[in-house]
Amino acid sequence: MLTSADAGKTRAIERIMEEAAPIPVKRAAPRKSDVFSWLKPAVFTASVVPLAVLLLRWQAGLLDQNSVAEVLNYFGLLALILLILSLTCTPLQWLMKWTWPIRVRKLLGLMAFFYATLHFLTYVWKDKEFQIDDIFSDIWKRKFILVGFTAFVLLIPLAITSTGGMIRRLGAKRWQRLHKLAYVAGILGVVHFFLRVKIDITEPVVYGSVLALLLGLRIKAKISAARPVAERRKTPIPLE
Amino acid sequence: MSLKPPNEPSSEITPENTYLNRADFLKKMALFTGTATLLGGGLTWLSTRGRFRQASAGADMQPALVVDEAIAPNTKYDTDEPKTSFEGITTYNNFYEFGTNKTDPAANAHTLKPRPWTVSIEGEVAKPQLVDIDTLTKWFPLEERVYRMRCVEAWSMVIPWLGFPLSKLIERMEPTSKAKYVAFTTLLDPVRMPIQKSSRSLPWPYVEGLRLDEAMHPLTMLAVGLYGKSLPNQNGAPLRLVVPWKYGFKGIKSIVKIRLTETLPPTSWNVAGPDEYGFFANVNPKVDHPRWSQAAEQRIGEGSRRPTLMFNGYAEHVAALYKGMDLSAFY
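Scope of this entry: the structure provided in the associated data block. (Residues numbered from 1 in each chain as written. Chains lettered and ligands numbered in written order. Predicted model: local features only at pLDDT ≥ 70, side-chain atom pairs only at ≥ 80, totals over all residues.)

Turning our attention to the overall build of chain A. Helix and strand content of chain A: eleven helices and zero strands. Moving toward the C terminus, one meets the helices and strands of chain A in the order α-α-α-α-α-α-α-α-α-α-α. Burial status across chain A gives 26% buried among its 240 residues. Residue pairs at least 24 apart in sequence account for 66% of intrachain contacts in chain A once pairs closer than 6 positions are excluded. (Helix = DSSP H or I, 4+ residues; strand = E, 2+ residues; numbered from the N terminus. Buried ≥ 20, exposed ≤ 12 C-beta atoms within 10 Å, placed from the backbone. Contact = placed C-beta atoms within 7 Å.)

Written as structure tokens, this is what we have:
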């Protein structure tokens, strides 16, 4: 019958043997698998699905009668939705303590920029037929185009500085401050949408509310981060 | 009793490592496919707002107009630009009583029952009366006219309308000397027009109006059909107004009341957006909508845009009506 003294002796012998020579591994330890390795490819594929659907419908002649207006709306909405999804990532991490949203934040932002570019190019090409004078006069005269153009322009530095290399070059603090512009772009996008609709403002109001909620969460987080630690504790730590 | 596994050589046994990796891989493929499909589908739905263009029922499905006399084309005012297809005209509509998307009226206007239908003619006339639409249609010989139609949203069509000049109806009603304007009202019936239960887009019923000289102009017509068939519901069955030199929202649909008045009548879009939509609403490339330019338009069915014409190309016929009027003040 093994006594605890025997167990102790066994342990001591084992330890000496380990230190002398490492125990040969009988089988390769399974590679530590990345549980979320499928996530980024999935999000990327999902964000190009609408483009594929559009191209298929175009080929089948199924686009709206006013195809220019339909395509403009399509790309614009996709840009706004993806930007809002990107802005949901960090609050999701705060609230649910998940880390996977942060992995797709950059991808979502870049896909938003991709569709914003397509939206802008459609306007320049199809609506204005590359008439630069027309475009500039539109931007200055029409509030909603100025707002939209500004939102697009704000996304450009964000896209350029989206890489890890850029984070290092700018430094985390400066990069974070710059990327707060994503919220400004989002707000301008909603205003652009709001000014564009003829009379039924339901949709822009819905998107605006979601954006306001995300912005509210961010402001709330900032406020509670600023409060001193002692106040944040609600229950006293037991001192046993 | 042996619990030994079947006689497989041990080299055939999948290494545990690979087995675990394969299972893991399959699981990840499933997650990838599921997420890509759901998220992709969701994005597509949100950006199309769940609307896709419906196939039109087709011109053959639309009942032909029953008339006593043959329909004669009146080519005096016709445009020779290519006509917009029947499909285009009947599946791209603004008729907010059936929804605010362009594809909604074609999808939803089946609830409109254009018979029985009575039109009330009232106000400053010697002979106010209620008349059944089929009776009214027989009062005047019908003509086919091919008109341009320009929407305030900067798209346009060419439509072969079937109808008669509004002037003939007004003359028959014998307006009094006090009549200065003609006011029109659309059906108000939340059963046949369910969206009228809410007023998220426009106040109901839809109303429009013309100055008497505009109403008496030979170009102005009341339409009962298009492409030789009776008006589809989504185009304003059974009776609608056509004023080709004005923005399309002046073309009030599904008329139940025509009233001659002394004072300027309210018009729905002017009530909803007085800074953006005026009473006159003459097509004018030099007077922009506050939020977008009116200098160009998208002809439905064409790829590129075209410049908008003054009074939608009918300037030689109607410019005289507005001589001396500041068109940017009276938009």
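Our focus in this paragraph is the sheet that holds strand β2 (residues 118–123) of chain B. Residue and element names in this part refer to chain B. Reading across the sheet, the five strands line up as β3-β2-β11-β6-β7 and stay open at both edges, with mixed pairing between neighbours. Both outer strands of the open sheet, β3 (129–132) and β7 (207–211), are each paired with one neighbouring strand and no more. Averaged over all adjacent pairs, the angle separating strand axes in this sheet is 20°, with direction ignored. Relative to β3, β2 runs antiparallel, the two sharing four bridges. Across the sheet, the residue bridging to Thr-118 is Asp-132, located in β3. (Pairing = 2+ DSSP bridges. Axes fitted to C-alpha atoms, helices over the stretch in contact; angles between N-to-C directions.)

On to the interface of chain B and chain A, then. The interface is formed by 36 residues belonging to chain B together with 35 residues belonging to chain A. The set of elements that each furnish at least two residues to the side of chain B that touches chain A consists of α1 (16–48) and α2 (86–91) of chain B. Top element by residues in the side of chain B that touches chain A is α1 of chain B. It accounts for 16 residues. Split into classes, the residues belonging to the side of chain B that touches chain A amount to 13 nonpolar, 14 polar and nine charged. (Nonpolar A, V, L, I, M, F, W, Y, C, P; charged D, E, K, R; others polar.)

Now for the nonpolar core. Within the largest apolar cluster, 70 residues are counted, with the highest numbers of intra-cluster contacts made by Ile-159, Trp-161, Val-182, Phe-184, Leu-222 and Ala-223 of chain B. Of all hydrophobic cores here, the second largest spans 43 residues; its members include Leu-80, Leu-82, Leu-107 and Val-190 of chain A. (Core = buried A, V, L, I, M, F, W, Y, C linked by C-beta atoms within 7 Å.)

Looking now at the environment of Arg-177 of chain A. Inspection of the secondary structure puts Arg-177 of chain A in helix α8 (residues 172–179). Sequence-wise, Arg-177 of chain A and Trp-125 of chain A are 52 residues apart; in three dimensions their C-alpha atoms are separated by 34 Å.

With that settled, the discussion passes to the packing of helix α3 (residues 67–96) of chain A against helix α9 (residues 181–196) of chain A. All names here are of chain A. Where α3 meets α9, the closest approach of the two axes is 10 Å, and the angle between their N-to-C directions is 145°. Between α3 and α9 lies a crossing of left-handed hand. Of α9, the residues touching α3 (which contributes Ala-79, Leu-80, Leu-83, Ile-84, Ser-86 and Leu-87) are Ala-182, Tyr-183, Ala-185, Gly-186, Gly-189 and Phe-193. For the contact of α3 with α9, the class distribution of residues is nine nonpolar, three polar and no charged. (Left-handed = near helix turned anticlockwise from the far one by under 90°.)

The next point concerns the packing of α3 of chain A against helix α10 (residues 202–226) of chain A. All names here are of chain A. Orientation of α3 relative to α10, taken along the N-to-C sense of each, is 30°, at an axis distance of 10 Å. Considering their axes alone, α3 and α10 lie roughly parallel with respect to each other. By crossing handedness, the relation of α3 to α10 is classed as left-handed. Residues Leu-80, Ile-84, Leu-87, Thr-88, Pro-91 and Trp-94 of α3 form the contact with α10, whose participating residues are Tyr-207, Val-210, Leu-211, Leu-214, Leu-217, Arg-218 and Ala-221. Taken together, the residues of the contact of α3 with α10 sort by class into eleven nonpolar, one polar and one charged. (Parallel < 35°, antiparallel > 145°, perpendicular 65-115°, else oblique.)

Attention now goes to unusual backbone geometry. Leave glycine aside and you will find that most residues have negative phi; peptide bonds, for their part, are mostly trans. Residues and elements named next belong to chain B. Arg-115 connects to Pro-116 through a cis peptide bond whose omega is -5°. Tracing the chain through its elements places Pro-116 in the loop between α3 (104–108) and β2. Note that the residue after Trp-204, namely Pro-205, is joined by a cis bond; omega there is -5°. With respect to the element layout, Pro-205 can be found in the loop between β6 (181–186) and β7. The phi dihedral of Tyr-227 falls on the positive side, at around 55°, and the residue is not glycine.

Here we come to the environment of Pro-160 of chain B. Residue and element names in this part refer to chain B. You can see Pro-160 is positioned in strand β5 (residues 155–165). Put simply, Pro-160 and Met-173 are 13 residues apart on the chain and 27 Å apart in space, counted from C-alpha to C-alpha. Ignoring any residue separated from it by four or fewer positions in sequence, one finds Pro-160 in contact with Lys-83, Glu-144, Val-146, Leu-226 and Tyr-227.

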